[in-house]
Amino acid sequence: RDTVYLLGGPDRTDGNFESGWGGWTSIDFTADPVGVGDYAALYTNLYDIDACATNLSQQVAFVDDGIVVPGTGGTTCITWCYGPNGYLVNNSGGLLGPDHHIRNGVVSPPVDLSADLDGLDVAFDVYDTTHDFSANDAGIFHGWRVRSTADEDPTDLAQATWRDRGVFYLGRSVYERGGGFVADLMVDGARWMQLCLEVAEWGYLWDLNGADGHPAPYFDNVAIKAYDFRGPFLSTRAVDLAQDTFPELSDLDYEDLVLNWCRFDMARNISAVSHLRNDPGDSLVVQVTARSGGALVGMPRMIVSVKANPLFDSVRTLPPGFSFTPDQKIKGTVTGWLSDEDNGVYAFDLPDTGFIYPGDEVHYFFEAIDERAGEQGLTRLPADTTGFDRFTGNQAVHTVFPPEFIMRALPTMFSTVAGDQPTVLFWDDGGDRDEYLRWRWSLADNGYNEGDHYDLYRTQGPGSGVGNGLGGRATSAQLTHYDVLLYTCVDQTAFTLSSGEYDDDPSLDLQVLSGWFDRNDKSAFMVGDNLLSTVLDQGATGSAFVNQYLGLDLVGRSLSDLIGSQPSPEVANIPGNGVVATVDRWISYGGCPRLADFDAVVPASGAARVAEFTDPNGNDGIYDYGAVTVFENAGSGSKVVTMPYGFAKIQNAPDWVPPAWAPARARSLILGDILNSFGNIVYSPIAAPDAVGGLAVSVHPNPFNPRCTIALSLPRGGDASVRVYDLRGALVRTVHEGALEAGQHDLSWAGEDDRGARISSGVYFYEVRVAGERQLGKLTLVK
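Residues numbered from 1 in each chain as written. Predicted model: local features only at pLDDT ≥ 70, side-chain atom pairs only at ≥ 80, totals over all residues. Heavy atoms only, no water.

Engineer: Sorry if this is basic, but what is going on with the packing of aromatic side chains here?
Structural biologist: We describe a pair of aromatic rings using the distance from one ring centre to the other and the angle between the two ring planes. If you walk through the whole model with that rule in mind, you get 35 aromatic pairs. Between the aromatic rings of Tyr127 and Tyr175, the centroid separation amounts to 5.1 Å while the plane-to-plane angle is 40 degrees, which identifies the pairing as tilted. In this pair, Tyr127 is assigned in strand E7 (residues 119–128) and Tyr175 in strand E9 (residues 174–181), connecting sequence segments 48 residues apart. For Tyr127, a relative accessible area of 0% puts it in the buried group. Taking the centre distance of 6.3 Å and the plane angle of 20 degrees together, the rings of Phe168 and Trp202 count as stacked. (Phe/Tyr/Trp six-rings, centres within 6.5 Å; stacked < 30°, edge-to-face > 60°. Helix = DSSP H or I, 4+ residues; strand = E, 2+ residues; numbered from the N terminus. Buried < 20%, exposed > 50% of the residue type's maximum accessible area, 1.4 Å probe, protein only.)

Shown next as structure tokens:
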């Protein structure tokens, strides 16, 4: 059952909501004694800077034009002058003065909840704008709240308590659909409810007291939807779930394995700013509410499945109720406990010591049962648990289990030999599902399997700035044996690489990465729409990092304005660039439905462009801005390739034809070229198995010590040979010679030559010949 509200009538009113508002009212939450002012009013023809959408019909806004609230004189624009007559949301305290902050709302009419439907959603259109978190940022955000009453008289809503998710929302200069599930925010037996859409100046909490504000937010098209629901209501936030992590030790202990335990902690820092600490919450928390008129049956549970690293089985202690399965998984159930009775919040935890170790991967979901009128209902979070028991490896890129409910302990240690682990770390610091999948598919295209060839660290809720970046969970020493970092912040405009400011984001990302780069000969591929500008926002620490490792100068935060207003420019590689050779042209897509805003960067001294943006006619040699840049630090030997846009935004140019041996994805080939430029191995030809099922070869682990497996998948049987050669082409070892049947074959090689002698560390080549097919690849032995 839907109740839909279009805000207002045909014309703007005077702000007193007496006419044309369809039962909506306004509220000034700062009305003590006179309030900052009630600026809510209806407008038509509100302009915006969303290049993909506009709404000239009636909307509600909170613009201080000096008329809706007489006596303010209006708040005039500095940069963002697209609002009505250049006026903005008040950012100076209005009628109460600069020590106060606007908090206005518009409140829906009472909504009848008498139908026997337990599910309840609210939704609305909102246009809000991007924050740059600079000193001039006015710090205005939007939010929403609900209240309800079980009384038959809807006027009793006036005494009800407003409830929300405890968050406010950042705009991205686009029209979006806001809201969400609210049934759990209703009182028991709710008969009536109301929704409040609000604007609030929360930026002062981060010292955002600037005057360069916006006319937004704008609200319109509200829908309140009730539907059948067959169990209790479960809700949580990404930052209240488990964060990928490294051992509690500051460095790995290869002799006493038991000491390498990893904590199972929530993502967010729960320490007060005044404590100057980054202390993640010890437990995960979920709000659980029985259906109206019902009661929970027993306690909510967390169902856990762990892909355990067998290296630690001899020192691992299983908690009660957990046991090994025949396929080397650990499974068990954790009963939650009530941590906040007033709000129905339950906590869940796993042992911090002796249970989770590097190389483990933990999947989990929550479930609860309630009973009403003799009928029981079960709910799970996430609702779809498909893929719950599917873990890393060749199938990882097809996993549909939500990544928010996966926790990894890193690094993936293969043995007690230091450095016997994946040498590539992929850090997903953007939280965008499309970006996450595109990276993983491209890594798989290049023969990289998670847990074998690369490790994945994923920041939960990266836009929240809660201290859970890589610098909040790892030390430079723990990162020592990663030689390559792959990093994406996608389109985050804040809280990317932080410098440990406790009143901002307490994660020591820049310090930890600097320490890692200084361990010599490290390489990184780092991408993101606002990567450079957000690092420079970290002050002196950010500037030093950019100068030493990125080698970039920022020209502006809006590339499109400088290249003929192109949202999705074509990119041309620069011949002989030494990094990207396989793809000569591609598109950096920043178009609709959400227009991107790339940083405009140029290489600084010692850096060079790998690729450039073309003009609107596709001509190169016009602009100096870098579409891909490379910088090598002679002191540390570090090599960093950067792109001022997200990885998923690499799209095929219309006239680009991929090589016959390659997939039809330019981004996969670009990634392979960059990995090769770092001296890394592309473990298998990018499209080794053809469409009809040709010879497929993979090697794991690679690099290896002391033994690796050369895995063959043969479409048909025949005489086969598997040989290993050194860099000069001399035969080192014949691993196999003779007939093989069709199917899968795992051939082991212990790093010995044909005489049985151990060979030295270094790079070698394998050659596989079978049934008329031939395939080459690289092997690396490390000691």
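Still more to cover.
Engineer: Help me out: how do you make sense of the confidence of the model for the protein in this one?
Structural biologist: Per-residue pLDDT for the protein averages 90, and the proportion of residues at 70 or more is 94%. For the stretch residues 394–398, pLDDT sits under 50, and the model shows 10 contacts to residues farther than four places along the chain or on other chains. Across residues 685–693, confidence stays below pLDDT 50; counting only partners more than four residues off in sequence or on other chains, it has 18 contacts. (pLDDT = per-residue confidence, 0-100. Contact = heavy atoms within 4.5 Å.)

Engineer: Please explain the nonpolar core as it appears in this structure.
Structural biologist: Nonpolar side chains in soluble globular proteins tend to end up buried together. Of all hydrophobic cores here, the largest spans 48 residues; its most connected members are Leu120, Val122, Trp144, Val146, Met193, Leu197 and Tyr218. Of all the secondary-structure elements, those providing two or more residues to this core are strand E3 (41–43), strand E4 (59–61), E7, strand E8 (140–149), strand E10 (192–201) and strand E11 (218–227). Once residues within four sequence positions are removed from consideration, Leu120 is found in contact with Leu113, Gly180, Phe181, Val182, Ala183, Met186, Met193, Ile224, Lys225, Ala226 and Tyr227. In this structure, Tyr454, Ala611, Phe647 and Ile674 belong to the second largest nonpolar core, which totals 45 residues. (Core = buried A, V, L, I, M, F, W, Y, C linked by side-chain atoms within 4.5 Å.)

Engineer: How should helix H4 (residues 539–550) be read in this particular structure?
Structural biologist: With 12 residues, H4 should cover 16 Å at 1.5 Å per step; its first-to-last C-alpha distance of 15 Å lies within 8% of that length. For H4, the complete set of buried residues consists of Gly542, Phe545, Val546, Tyr549 and Leu550. The buried residues of H4 occupy an angular sector of 105 degrees when the element is viewed end-on, so they sit on one face. Seen from the buried face of H4, the exposed residues on the opposite side, beyond 90 degrees, are Ala540 and Asn547. Looking at the packing, one finds that the buried side of H4 touches helix H2 (509–517), strand E26 (523–527), helix H3 (531–536), strand E27 (552–556), strand E32 (626–632) and strand E33 (639–643). Gly551 sits one or two positions beyond H4 and adopts a positive phi of about 65 degrees. (Expected span 1.5 Å × (residues − 1). Arc of directions from axis to C-beta.)

Engineer: Sorry, what's going on with the sheet that holds strand E25 (residues 484–488) here?
Structural biologist: Within a sheet, adjacent strands bond to each other through the backbone by hydrogen bonds, running parallel or antiparallel. Read across the open sheet, the 10 strands follow the order E24-E23-E25-E26-E33-E32-E31-E28-E29-E34; overall the sheet is mixed. With partners counted over all chains shown, the strands left at the sheet margins are strand E24 (454–458) and strand E34 (650–652), one partner each. When strand polarity is set aside, the average angle formed by the axes of neighbouring strands in this sheet is 25 degrees. Sheet topology places E32 next to E33; 4 bridges connect them, and they run antiparallel. Each bridged residue has a counterpart across the sheet, and for Thr629 the counterpart in E33 is Thr642. Set on the sheet, H2 makes contact with strand E23 (424–428), E25, E26 and E33; between it and E25 the angle comes to about 155 degrees. (Pairing = 2+ DSSP bridges. Axes fitted to C-alpha atoms, helices over the stretch in contact; angles between N-to-C directions.)

Engineer: Is there a simple way to explain the sheet that holds strand E19 (residues 345–348) in this structure?
Structural biologist: Strand order in this open sheet of 4 strands is E12-E13-E19-E18, and the pairing throughout is antiparallel. Since the sheet does not close on itself, it has two edges, and those belong to strand E12 (233–235) and strand E18 (337–340), each with one partner. Taken pair by pair, the neighbouring strands of this sheet meet at an average axis angle of 40 degrees, ignoring direction. Pairing geometry for strand E13 (residues 284–289) and E19, over 4 bridges, is antiparallel. Counted as the bridge partner of Gln287 is Val345 from E19.

Engineer: Would you mind going over the packing of helix H1 (residues 433–445) against helix H5 (residues 666–677) with me for this structure?
Structural biologist: Helices that pack against each other are described as a pair by the angle of their axes relative to one another and the distance between those axes. Two elements in contact, H1 and H5, have axes separated by 9 Å at closest approach and are oriented at 65 degrees. Relative to H5, H1 is oriented so that their crossing is right-handed. On H5, the residues that touch Arg438, Trp439, Ser442, Leu443 and Asp445 of H1 are Arg667, Ser668 and Leu671. For the contact of H1 with H5, the residue count by class is 3 nonpolar, 2 polar and 3 charged. (Left-handed = near helix turned anticlockwise from the far one by under 90°. Nonpolar A, V, L, I, M, F, W, Y, C, P; charged D, E, K, R; others polar.)

Engineer: Explain the packing of H2 against H4 here, please?
Structural biologist: Close contact between H2 and H4 brings their axes to 11 Å; oriented N to C, the two are set at 25 degrees. By the angle class used here, H2 and H4 are roughly parallel. In this structure, H2 crosses over H4, and the sense of that crossing is left-handed. Between H2 and H4, the contacting residues are Leu510, Gln511, Leu513, Ser514 and Phe517 on the first element and Thr541, Gly542, Phe545 and Tyr549 on the second. (Parallel < 35°, antiparallel > 145°, perpendicular 65-115°, else oblique.)

Engineer: Would you explain H1 in this entry?
Structural biologist: Residues that lie three or four places apart on an α-helix share one face, since the helix turns once every 3.6 residues. Over its 13 residues, H1 runs 18 Å from end to end, which matches the ideal 18 Å to within 8%, given 1.5 Å per residue. Turning to H1, its buried residues are Glu435, Tyr436, Trp439, Arg440, Ser442, Leu443 and Asp445. Tucked into the core, H1 has its buried residues touching strand E22 (406–408), E23, E24, E25, E26 and H5. Where H1 begins, the capping side chain belongs to Asp432, and its oxygen is found 3.1 Å from the backbone nitrogen of Asp434. Just beyond H1, the residue with positive phi is Gly447, at close to 85 degrees. (Polar contact = N/O pair within 3.5 Å; in protein donor to acceptor, adjacent residues only side chain to side chain.)

Engineer: Help me out: how do you make sense of the pattern of salt bridges in this one?
Structural biologist: Should the charged atoms of two oppositely charged side chains come close, the side chains can pair. For the structure on display, the rule yields 39 salt bridges. Among the salt bridges present, the one from Arg237 reaches Asp240, with a minimum N-O distance of 3.0 Å. By relative accessible area, which is 6% here, Asp240 ends up buried. Asp370 is paired through a salt bridge with Arg291; the nearest N and O atoms lie 2.9 Å apart. Of the two residues, Asp370 is situated in strand E20 (residues 361–372) and Arg291 in the loop between E13 and strand E14 (295–296); the sequence distance between them amounts to 79 residues. Among the residues examined, Asp370 registers a relative accessible area of 0% and is labelled buried. (Salt bridge = Lys/Arg side-chain N within 4 Å of Asp/Glu carboxyl O.)

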